[in-house]
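Working through the structure, step by step
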Amino acid sequence: MSNPKFRIAICGGGVGGLTLAVALSRYQDIAVDVYEAAQSFCEIGAGVGVWPRAFRVLRKFGPDFEQQLLQRCGYEYTEEYVPAVRSRKSNQAVGIELFDLMTKGKLMRFHRADFHGVLLSFLPPSCATHNAKRLISYTQPLEGSPRNSPITLTFTDGSTATCDVLIGADGIKSAVRPCMLRELAEGLDPDEKQSVLSCMSPIWSGVAAYRTLVSAEKLRARCPDHRTLREFTQYMGKDAYFLAYPISLGQYVNFAGFTLERDVVDLAYKADTEIPRPSFKGKTNDEWVSELTAQQFVEPFKDLEEDAQHLLECVEKGTLWAVHTVKTLPSTNFRRVAIMGDAAHAMTPFQGSGAGQGIEDAYLLMTVLGHKSTTLETVPRALAIYDKLRRPFSSEVALRSMRGGQLCAFQEDVPLHELGDAITKNWEWAWLTDLDDALEEAVRLVEDSSIDLN
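Counting of residues starts from 1 at the beginning of each chain's written sequence and follows it residue by residue. Whole-chain, interface and lining totals are the exception, using all residues; otherwise, since this is a predicted model, local features are given only for residues with pLDDT of at least 70 and side-chain atom pairs are given and counted only at 80 or more. Computation of side-chain values covers all heavy atoms of the structure but excludes hydrogens and water.

**Overview of the pattern of salt bridges**
This is how the line gets drawn: By definition, a salt bridge exists where a carboxyl oxygen of Asp or Glu is found within 4 Å of a side-chain nitrogen of Lys or Arg. Where helices and strands are cited, they refer to DSSP runs of H or I of at least four residues and of E of at least two residues respectively, numbered from the N terminus. Burial status follows relative accessibility: with a 1.4 Å probe on protein chains alone, a residue under 20% of its type maximum counts as buried, one over 50% as exposed, and anything between as partly exposed.
Per the counting criterion, the structure on display carries 26 salt bridges. Here Arg53 and Glu360 are joined by a salt bridge, their closest N and O atoms 2.7 Å apart. With a gap of 307 residues between them, Arg53 in helix α2 (residues 52-59) and Glu360 in helix α12 (residues 354-370) connect regions that are remote in the sequence. You'll find Arg53 and Glu360 in the same group, each marked buried. Residues joined in a network through salt bridges with shared partners are Arg86, Arg88, Glu97, Asp100, Arg227, Glu231, Glu305 and Asp307.

Put into structure tokens, the structure is as follows:
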């Protein structure tokens, strides 16, 4: 590429980072480098879910892109109301049906490697990719430096690189986030500085996640007509619940269970609060995942209804995750650096919206950075527009996600007959709203530089 208007470095080759790289590829005057810490571009985790709001963003990438995704999803996109989750009150010997969650459009579920593969297949040759490049830190040019002075990136292998714009898509353990927040904190009074710096590291959310796959054959032998062999079912109990549903063309039942420590979950997004470490055995803030025996795995759910026990009796082993999040940040940008996805707003998994929020971040970043009015000199304003439009929304989604978990674990003071409506209203943003208004506002703010962003 000859004479690009600027060079963007994306640190992180996960769903968010690659979505941004693919989105930016439509602009011939922007050079893009993707730096991935792993030896190859791969994604950890079994699945990724995309609700209609975020999937409508992906459809903007064109019919070929959409078709590739649909082929890997296994079912068609729809905007009709469909049954999504059947929820049961299960903290009793015989459970009862509580409500069926109806959504306008489906949660589009993908094997994470398949989703990642589609993104990689749409990366153009002009997008340079670099593996085994784990960022340690970056250095922005000082105020008053020539406007074309580059940002310097330093990697763990001792190498360096330069760019004009840096986007941190490097996940919850982001290296970009603490560097950016330290820059942001410079010159603040001690209390404000401490508040900003308290957001650098991930914190435990108070949530533990239990994940496993159950053999459908084994479950069918024990209980031939078990509901989780055919439908998405949620078994709700006090402070603990799980959901289960068939995957891999019916070969397995995917199990995702959660426990919520009441005293911690309310603190998770408060900037100046000290968060305790996980209380379960073997967990520290540096060791987030443990392997469990079947007996250890089922313990939190032992008091749930008989129907739930039939499934739990088929568990052979599983993993325990200390679910960490990022506190609500004071900003997601500083001068020519911004963060996105889990680096900016890692959230609990209760609404399945982490990936979708990263997709939305990517598309809005593409909109402001790719706009013909954006030059190297005006990049800081473009990133400030991104922050103004995305940070409040993603922060609200993070809070809604946590509340969703609390509702399902009977930790909110909501009568049982109103619980279905409460969960639906808390979640319906994911299928009833769009990113389009924010995109239009972004373009307006880019094109009219006289508008104050404060």
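**Section: the packing of helix α3 (residues 63-73) against helix α4 (residues 112-121)**
Note the following rule: Fitted lines through C-alpha atoms give the axes, limited to the stretch in contact for helices. The angle between two N-to-C directions lies from 0 to 180 degrees. Note on angle classes: values under 35 degrees are labelled roughly parallel, values over 145 roughly antiparallel, values of 65 to 115 roughly perpendicular, and the remainder oblique. The crossing is said to be left-handed when, going from far helix to near helix, the turn is anticlockwise and less than a right angle, and right-handed when the turn is clockwise. Any two residues whose heavy atoms approach within 4.5 Å at even a single point are treated as in contact.
The N-to-C vectors of α3 and α4 enclose an angle of 160°; their axes lie 10 Å apart at closest approach. The pairing of α3 with α4 is recorded here as roughly antiparallel in orientation. For the pair α3 and α4, the sense of crossing is right-handed. Contacts between α3 and α4 involve Phe65, Gln68, Leu69 and Arg72 on the former and, on the latter, Asp114, Phe115, Val118 and Leu119.

**Focus: the pairing of strand β5 (residues 96-104)**
Threshold: When DSSP locates at least two bridges between a pair of strands, those strands are taken to pair.
In this structure, strand β4 (residues 81-89) lies alongside β5, joined through eight bridges in antiparallel fashion. Pairing of Ser87 across the sheet is with Phe99, part of β5. Counting the residues in the hairpin turn of β4 and β5 gives six residues.

**Some remarks on the sheet that holds strand β18 (residues 333-334)**
Pairing within the open sheet is mixed, and its six strands lie in the order β7-β2-β1-β11-β19-β18. The open sheet terminates on both sides in strands that have one partner only, identified here as β7 (128-130) and β18. Pairing of β18 with strand β19 (residues 337-339), which is carried by two bridges, proceeds in the antiparallel orientation. Each residue of the ladder has a partner; that of Asn333, found in β19, is Ala338. Sitting on the sheet, helix α5 (residues 176-185) is in contact with β1 (6-11), β11 (165-168), β18 and β19, with an inclination near 125° to β19.

**Remarks on the environment of Gln309**
The line we're drawing: Nitrogen and oxygen atoms within 3.5 Å of one another constitute a polar contact, given that in protein one can donate a hydrogen and the other can accept it, and given that sequence-neighbouring residues count only through two side-chain atoms.
Along the polypeptide, Gln309 turns up in helix α10 (residues 306-312). Sequence-wise, Gln309 and Gln68 are 241 residues apart; in three dimensions their C-alpha atoms are separated by 39 Å. With residues near it in sequence (within four places) discarded, Gln309 still touches Phe301, Lys302, Asp303 and Leu304. A distance of 3.0 Å separates a polar atom in the side chain of Gln309 from the backbone oxygen of Phe301.

**Remarks on α2**
Note that an α-helix has 3.6 residues per turn; residues three or four places apart therefore point the same way. Most of α2 is tucked away: seven of the eight residues are buried. Where α2 is concerned, the buried positions are Pro52, Arg53, Ala54, Phe55, Arg56, Val57 and Leu58.

**Some thoughts on the side chain of Arg56**
Looking at the secondary structure, you find Arg56 in helix α2. On the accessibility criterion, Arg56 (17% relative accessible area) is buried. Residue contacts for Arg56: discarding those within four places in its chain leaves Tyr77, Glu79, Trp431, Thr433 and Asp434.

**A short note on the packing of aromatic side chains**
The condition is simple: Stacked, tilted and edge-to-face are the three classes applied to pairs of Phe, Tyr and Trp rings, where Trp contributes its six-membered ring and a pair requires centres within 6.5 Å; stacked means planes under 30 degrees apart, edge-to-face means over 60, and tilted covers the rest. A positively charged side chain is recorded as over a ring if its NZ (Lys) or CZ (Arg) lies within 6 Å of the ring centre. The angle to the ring normal must also be within 35 degrees.
The full count for this structure, using the stated rule, is 21 aromatic pairs. Relative to Phe122, the ring of Phe65 lies with its centre 5.1 Å away and its plane at 75°, an arrangement referred to as edge-to-face. Note that Phe65 is positioned in helix α3 and Phe122 in the loop between α4 and β7, a separation of 57 residues in sequence. The exposure class assigned to Phe65 is buried, which follows from its relative accessible area of 1%. Directly above the aromatic system of Trp288 lies the positively charged group of Lys173, at a separation of 4.4 Å from the ring centroid. The ring of Trp321 carries Arg211 above its face, with NZ or CZ at 4.6 Å from the centroid.

**Let's talk about a nonpolar patch on the surface**
Here is the rule we go by: Residues enter patches when they are more than 30% accessible in relative terms and free of salt bridges; like-charged ones are connected within 9 Å and nonpolar ones (Val, Leu, Ile, Met, Phe, Trp, Tyr) within 5 Å. Where accessible areas are quoted, they stem from the Shrake-Rupley method and a 1.4 Å probe; at the residue level, only the protein chains shown are allowed to cover.
Taken together, the side chains of Tyr81, Met102 and Leu432 make up a nonpolar region of the molecular surface, amounting to roughly 290 Å² of accessible area. Structurally, Leu432 can be placed in helix α15 (residues 429-432). Given a relative accessible area of 40%, Leu432 falls into the partly exposed group.

**Comments concerning the sheet that holds β4**
Read from one edge to the other, the open sheet built from eight strands follows the order β5-β4-β13-β14-β15-β12-β17-β16, with strand pairing classed as mixed. A strand with exactly one partner marks an edge of an open sheet, and here the two such strands are β5 and β16 (289-293). Averaged over neighbouring strand pairs, the angle between their axes works out to 25° when direction is ignored. The pairing of strand β14 (residues 240-247) with strand β15 (residues 252-260) spans eight bridges and is classified as antiparallel.

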